[in-house]
Amino acid sequence: MVDNPYLAHLPPSQRGAGPSYSSSSEKEPLFGFLPRKVKGEQVRKAMEHQLNPFTKLPHSAQYRKILEARRALPVYSQMDEFLEIFSKNQIIVMVGETGSGKTTQIPQFVTYSDLPHTKGKLVACTQPRRVAAMSVAQRVADEMDVQLGKQVGYSIRFEDMTEAGTTFLKYMTDGMLLREAMNDKELSRYSTIILDEAHERTLATDILMGLLKNLAKRRKDLKIIVMSATLDAVKFQKYFSLHDTAAGEETSPAPLFKVPGRTHPVEIFYTQEPEPDYVEAAIRTVLMIHRAEDPGDILLFLTGEEEIEDACRKIKLEADDLLNTDPSSVGPLMCVPLYSSLPPQQQQRIFDAAPKPSQEGYPPGRKVVVSTNIAETSLTIDGIVYVVDPGFSKQKVYNPRIRVESLLVSPISKASAQQRAGRAGRTRPGKCFRLYTEKDFISELEEQTHPEILRSNLANAVLELAKLGIKDLVRFDYLDAPAPETLMRALELLNYLAALDDEGELTALGGVMAEFPLDPQLAKMLIVSPEFKVSNEILTITAMLSIPNVWLRPPNQRAAADQAKAMLTVPEGDHLTMLNVFNNYSQNKHDRNWAWNNFLSARALAQAENVRAQLLRTMEKYDIDVISLEDEKKRNLGIRQALTCGFFMHVAHKEGEKGSYLTVKDNQVVALHPSCGLDSQPEWVLFNEFVLTKRPYIRTVTEVKPEWLLEYAPVYFDLASFPEGETKSALQRVANKRRGISNGGGEETRPKKKHKKEKN
DNA sequence: GAGCACTGC
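Values in this document were obtained by computation on a predicted structure and should not be read as measured data. (Residues numbered from 1 in each chain as written. Chains lettered and ligands numbered in written order. Predicted model: local features only at pLDDT ≥ 70, side-chain atom pairs only at ≥ 80, totals over all residues. Heavy atoms only, no water.)

> Just give me the short version of the pattern of salt bridges, but keep the residues and values in it.
One pass over the full model with this rule turns up 42 salt bridges. Asp 389 serves as the salt-bridge partner of Arg 420, at 2.7 Å between the closest nitrogen and oxygen. On the criterion of sequence distance, the pair formed by Arg 420 in helix α14 (residues 414-422) and Asp 389 in strand β13 (residues 384-389) is long-range, its members being 31 residues apart. As far as the burial class goes, Arg 420 and Asp 389 line up, both buried. In this structure, Glu 572 and Arg 640 form a salt bridge, with 3.3 Å as the shortest nitrogen-oxygen distance. In this pair, Glu 572 sits in the loop between α21 (558-568) and α22 (574-587) while Arg 640 sits in helix α25 (residues 632-647), placing the two residues 68 residues apart along the sequence. The exposure class of Glu 572 is partly exposed, given its relative accessible area of 29%. Assessed through its relative accessible area of 6%, Arg 640 is described here as buried. Here the salt bridges do not stand alone but share partners, grouping Arg 201, Asp 206, Lys 235 and Asp 480 into one network. (Salt bridge = Lys/Arg side-chain N within 4 Å of Asp/Glu carboxyl O. Helix = DSSP H or I, 4+ residues; strand = E, 2+ residues; numbered from the N terminus. Buried < 20%, exposed > 50% of the residue type's maximum accessible area, 1.4 Å probe, protein only.)

The following block contains the structure:
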């Protein structure tokens, strides 16, 4: 053994025990560690060692201070038990309630036992959210006394904070690991994979669970830990049960490792009768707490922006009234809205301190945060003592029959209600006021929120699975299998886009489509766009369609905002308007006020730029030319034609004169969304999305020519199998005209439709 | 003449 060069510059007193062969453990903190057979005793000794085993540098004072705090975590006292289970099993299910320390500690315990750095492997820990991956990685880097991005790092979209060959513990988003799996089906870089927050059941985590369950059979050296906060662990245990039928072993559930949480008790109150108007009841409850309860901040859960802003106004009004009437018995109240589309600066207001008493000796002030579900998982606010839970949230639902995802205000699940209540007990004992009866809680609320995989359009997920080499998507071993109709819809769409062939096999085109972090329609349109010599423009449009709405419309400046929008509008269609907005933004980027003056979200535009750059890199990787047409007329035409190649299933035909449209094949009656910039009502339009709000609308709309539909999507627009109706007659007329021009030649050369399931 | 629950690649 050679003296560690890193220590040469340190005085001997700090170099550890000095060169000695008598006791290797003095110089080598991991001396005697056998991978995956490590005992708690050994780990604790290594943690207390003078040298950091991974950097061979002396531990800092900061490290020792943090270690002290770590020892107090519930999970720390179960280290021996964990290491034993880890040694003996390939797959482990772990349950740790909030405050158990599982997210920071378990991956470290795993590292000490698995010793990934000795075999050139990594330990991965997935998170559903980017911020969590980043902040936990930073925390763990501090705990392990290493620099973030070296031994401990993170990987999220747009940001890879890892160093090849150095990083052995990596926090990452679940979606990122899924992406990696598409290019390395064995996930061979990893020795242990930890899926954290599995109870949230994101689409990516659900797919990863299916993949890992399979992968574990092929890669016996891969260990898997599924971590969850709620007690639906039995379901995970069953799913990951070990059964080796060849060996004739009995099926036994995956082992469970359980750690208690550490939170304060929260007293739950229910209403005696159901509340007919939950917003009104919520406001009443907040004011009741303000008048009658001890100091402490309030968190109220509502469903959306409008509801929240409205409630904030009303609460503020009433609270000011109370303060004016009786300043000696009621303190001032501050009401803060919280939802995701709020600019980050305004989101920060939730961390402001509650107001001071109106006069010395008078009651202290109180803060009320009125929030969407964002405060249920993504953001924690310290100092909350009271939670008001009306029992509703907006949830995504997918209707495969009409192929529409929409948001519906729906009752929350018991798990969700529990999570909300828990928000009151983070700093001290709290109270939770549920605006529904205990009977309804017990008998009406579902145990768990439906996993995302059951509530989503799966076109994207199915393409990913195909890319992952999953042959039989219908019989894939899902933790919860999606509705067959949802899968059929996805397969059908991918077949029409030529991403899957008629046998359901991934085509070469489909393989490239899957490489793009985009919906299949967008990916298809981008890949074919060089054929129309407009890929530079389609690239921009694709980026703009992948980001949130860029248009701002402050309530008191609506007219000015609409006027600014009109200045940027291109009459041929909203897609071209988006392109125009981005190009103007690019040209004016050095003018900080340009976006603001034009009522555009600078944040969203910067995001579009980021997405565009990422897509451009993927295009370059697959040699997809980025080209443009000089002539504006030809260019715009080419753009609209390229759009058609991706969105031919999103076409509507005008019916009658009242501006109503019928979607092609589905025959849904839809209207142009009021945000639409088309100055006329063209006969044929292509739309980016169908939204179901107060009425069915089509949003982001561009005029197309029916000839293009027949030419670029002959399979989908095969008239022989087209549903009867006005749309078909109109298409028939176009087809007849074309046939006349082309002397009856065209139809036979087009591919024939083989097997399609058309449901009415 | 409407909207944007929340994430993620």
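> Give a description of the packing of α22 against helix α24 (residues 602-621) that names residues and reports values.
α24 packs onto α22 with a crossing angle of 95 degrees between their chain directions and a minimal axis gap of 11 Å. If you check the angle between α22 and α24, you find them roughly perpendicular. Along its contact with α22, which presents Val 581, Phe 582 and Tyr 585, the element α24 presents Leu 605, Ala 606, Ala 608, Glu 609 and Arg 612. The residue makeup of the contact of α22 with α24, split by class, is six nonpolar, no polar and two charged. (Axes fitted to C-alpha atoms, helices over the stretch in contact; angles between N-to-C directions. Parallel < 35°, antiparallel > 145°, perpendicular 65-115°, else oblique. Contact = heavy atoms within 4.5 Å. Nonpolar A, V, L, I, M, F, W, Y, C, P; charged D, E, K, R; others polar.)

> Give a description of the protein's contact with DNA strand B that names residues and reports values.
Arg 130, Glu 305, Ser 340, Lys 394 and Thr 693 are the nearest of the 29 residues found near DNA strand B. By atom count, sugar and phosphate contribute 62% of the portion of DNA strand B lying within 4 Å of the protein. Within the backbone of Ser 340, one N or O atom sits 2.4 Å away from a phosphate oxygen of DNA strand B. In this structure, Arg 553 approaches DNA strand B through a side-chain N or O atom, which is 2.5 Å from a base nitrogen. Of all elements in the fold, only α7 (174-183), β14 (392-399) and β21 (696-703) reach the threshold of two or more residues within the surface near DNA strand B. In terms of residue count, α7 provides more of the surface near DNA strand B than any other element does, three residues in total. The class makeup of the residues in the surface near DNA strand B is nine nonpolar, nine polar and 11 charged. (Near = heavy atom within 4 Å. Polar contact = N/O pair within 3.5 Å; in protein donor to acceptor, adjacent residues only side chain to side chain.)

> Give me the lowdown on the confidence of the model for chain A, citing residues and values where you can.
In the predicted model, chain A carries a mean pLDDT of 89, and 93% of its residues have values of at least 70. When the criterion is pLDDT under 50, residues 1-22 qualifies, and its contacts beyond four places in sequence or with other chains add up to 23 contacts. Confidence drops under a pLDDT of 50 for residues 744-760, and excluding neighbours within four residues, the segment shows 25 contacts in the predicted structure. (pLDDT = per-residue confidence, 0-100.)

> Give me the sheet that holds strand β9 (residues 266-270): which residues, what numbers.
Spatial ordering of the open sheet is given by β9-β16-β13-β10-β12-β11, a layout of six strands whose pairing is parallel. Each edge of the sheet is formed by a strand with only one pairing partner; in this case those strands are β9 and β11 (333-338). On average, each strand axis in the sheet is inclined to that of its neighbour by 20 degrees, with strand direction left out of account. As paired elements, strand β10 (residues 297-301) and β13 share four bridges and run parallel to each other. Across the sheet, the residue bridging to Leu 300 is Val 388, located in β13. (Pairing = 2+ DSSP bridges.)

> Residue-level account of the pairing of strand β2 (residues 122-127), with values.
The two faces of a sheet get side chains in turn, since along a regular strand they alternate between them. Where burial is concerned, most of β2 is hidden: six out of the six residues are buried. Residues Leu 122, Ala 124 and Thr 126 point to one face of β2 and Val 123, Cys 125 and Gln 127 to the other, with burial holding for every one of them. Pairing of β2 with strand β6 (residues 190-195) involves five bridges; the strand directions are parallel. Considered in β6, the bridge of Cys 125 is made with Ile 194. Of the strand pairs in this sheet, β2 and strand β5 (residues 169-173) are connected by five bridges, and their pairing is parallel. From the neighbouring strand, Thr 126 faces β5, where its bridge partner is Met 172.

> If you had to explain the packing of aromatic side chains to someone new, which residues and values would you point to?
For the coordinates displayed, the defined rule picks out 18 aromatic pairs. Ring centres of Phe 82 and Phe 86 lie 5.9 Å apart, and the angle between their planes is 20 degrees; this geometry places the pair in the stacked category. Of this pair, Phe 82 and Phe 86 both sit in helix α4 (residues 79-88), four residues apart, which is roughly one turn of that helix. Aromatic ring contacts, followed pair by pair, group Tyr 76, Phe 82, Phe 86, Phe 109 and Phe 257 into a single cluster. Its guanidinium or amino end placed over the ring of Phe 441, Lys 414 lies 5.9 Å from that ring's centre, counting from NZ or CZ. The cationic tip of Arg 434 hangs over the ring face of Phe 441; the distance from NZ or CZ to the ring centre is 4.6 Å. (Phe/Tyr/Trp six-rings, centres within 6.5 Å; stacked < 30°, edge-to-face > 60°. Lys NZ or Arg CZ within 6 Å of the ring centre and 35° of its normal.)

> Which residues make up unusual backbone geometry, and what are the values?
Even without glycine at this site, Glu 197 takes up a positive phi of about 55 degrees. Mapped onto the elements of the fold, Glu 197 is located in the loop between β6 and α8 (203-218).

> Lay out the environment of Glu 630 with the relevant residues and their values.
Tracing the backbone through its elements, the reader meets Glu 630 in the loop between α24 and α25. Considering only alpha carbons, one finds Glu 630 and Val 534, 96 residues apart in sequence, at a separation of 9.8 Å.

> Talk me through the environment of Asn 549; I want residue IDs and the actual numbers.
Structurally, Asn 549 can be placed in the loop between α20 (535-545) and α21. Measuring from C-alpha to C-alpha, the distance between Asn 549 and Ala 604 comes to 7.3 Å, with 55 residues separating the pair along the chain. Only 3.0 Å separates the side chain of Asn 549 from the backbone nitrogen of Trp 551, close enough to count as a polar contact.

> Mind laying out α20, listing which residues take part and the relevant values?
Counted residue by residue, α20 has 10 buried out of 11 residues, so it is predominantly covered. Every buried residue belonging to α20 is among Ser 535, Glu 537, Ile 538, Leu 539, Thr 540, Ile 541, Thr 542, Ala 543, Met 544 and Leu 545, and all of these are buried. Contacts from the buried residues of α20 go to α19 (520-528), α22, α24, α25, β20 (684-692) and β21.

> Describe in detail the pairing of strand β17 (residues 651-655), supporting the description with residues and values.
Counting buried positions along β17 gives five out of five residues, so the element sits mostly inside the fold. Burial along β17 is two-sided: Val 651, His 653 and Glu 655 and Ala 652 and Lys 654, pointing in opposite directions, are all buried. Here three bridges tie β17 to β20, and the two strands are oriented antiparallel to one another. From the neighbouring strand, Ala 652 faces β20, where its bridge partner is Val 685. Linking β17 back to strand β18 (residues 660-663) in an antiparallel pair, the connection comprises four residues, with Gly 656 at a positive phi of about 70 degrees.

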